[in-house]
Amino acid sequence: MKYSPTTEANPLPYSPFKSCTVPRPIGWLSSVSEDGVENLAPYSQWQNLTFDPPMVMFSANQYPDGRRKDTVINAEKTGWFVWNMATYALREAVNISAMVLPPEESEFDRAGVNRSYADLAPTVPMVAESPVHFECRYLSTHRLPGASTVGTIDIVYAQVEKIHVADEVITPDGRLDIPRIQPIARMGYFDYAVVNETFEMKVPGSTPEAEAGLQGRAG
């Protein structure tokens, strides 16, 4: 089976595209508008870009009527947003926060999660139950036009200025206990995956700095 997605109809009953780039980390992003309206929403196009300094990005499709996503606008206007790690224990809250709610209704309240607030941008809410948070300072937006209104995207770039990790998910040797945290990731269709098992492979000749995730930092 082959097809050209820009010129040919998909020959399968379901599109295979999103099911090939898997699993995808979930950008469960909280933000606040200039008027103080809090927002919480998951994005499946989320990724880290580099580590020195740590930078991240997320991609947000427009709504069918051409409106841009609140998270994008809030980041641009206030200069901040927070990434909250999505976990198996919080999976239902993540899913509920994907709903399109009226402006006066809070995703935090509908999803049944509690708020804590960022250190560097104290008006930006965070999901208190999430074990890891990144306070992200907005850098820039790059817009890519799509073949349809909903296909047009905003790619938002940010720098991570503060990282929060709950003490109980740190192992005695100083690593994140990923099998305990059980992060969830997006697959294709309406499918998700959970990380509850890991294995290690060291690149032959790798340095201690690389193993600690510090390679590239002047020491």
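Residues numbered from 1 in each chain as written. Predicted model: local features only at pLDDT ≥ 70, side-chain atom pairs only at ≥ 80, totals over all residues. Heavy atoms only, no water.

A.B. asks: Before we go on, may I ask you to explain the environment of valine 127 in this structure?
C.D. replies: One can find valine 127 in strand 8 (residues 125-127). We classify valine 127 as buried; its relative accessible area is 0%. Considered as a pair, valine 127 and aspartate 70 are 57 residues apart in the sequence and their alpha carbons are 17 Å apart. In this structure, valine 127 is in contact with Trp28, Leu40, Asn84, Phe108, Val113, Asn114 and His133, ignoring residues within four places of it in sequence. (Helix = DSSP H or I, 4+ residues; strand = E, 2+ residues; numbered from the N terminus. Buried < 20%, exposed > 50% of the residue type's maximum accessible area, 1.4 Å probe, protein only. Contact = heavy atoms within 4.5 Å.)

A.B. asks: Help me understand unusual backbone geometry, please; the structure alone is not making it clear to me.
C.D. replies: A negative phi holds for most residues other than glycine; trans holds for most peptide bonds. Cis peptide bonds are those with omega within 30 degrees of zero, and the linkage from valine 22 to proline 23 qualifies with -10°. Within the secondary structure, proline 23 sits in the segment before strand 1 (24-25). Look at the link from aspartate 52 to proline 53: it is a cis peptide, with omega at 5°. With respect to the secondary-structure elements, proline 53 resides in the loop between strand 4 (46-51) and strand 5 (54-61). Located in the positive-phi region is glutamine 182, a residue other than glycine, with phi close to 55°. Positionally, glutamine 182 belongs in the loop between helix 4 (178-181) and strand 11 (184-186). The exposure class assigned to glutamine 182 is partly exposed, which follows from its relative accessible area of 25%.

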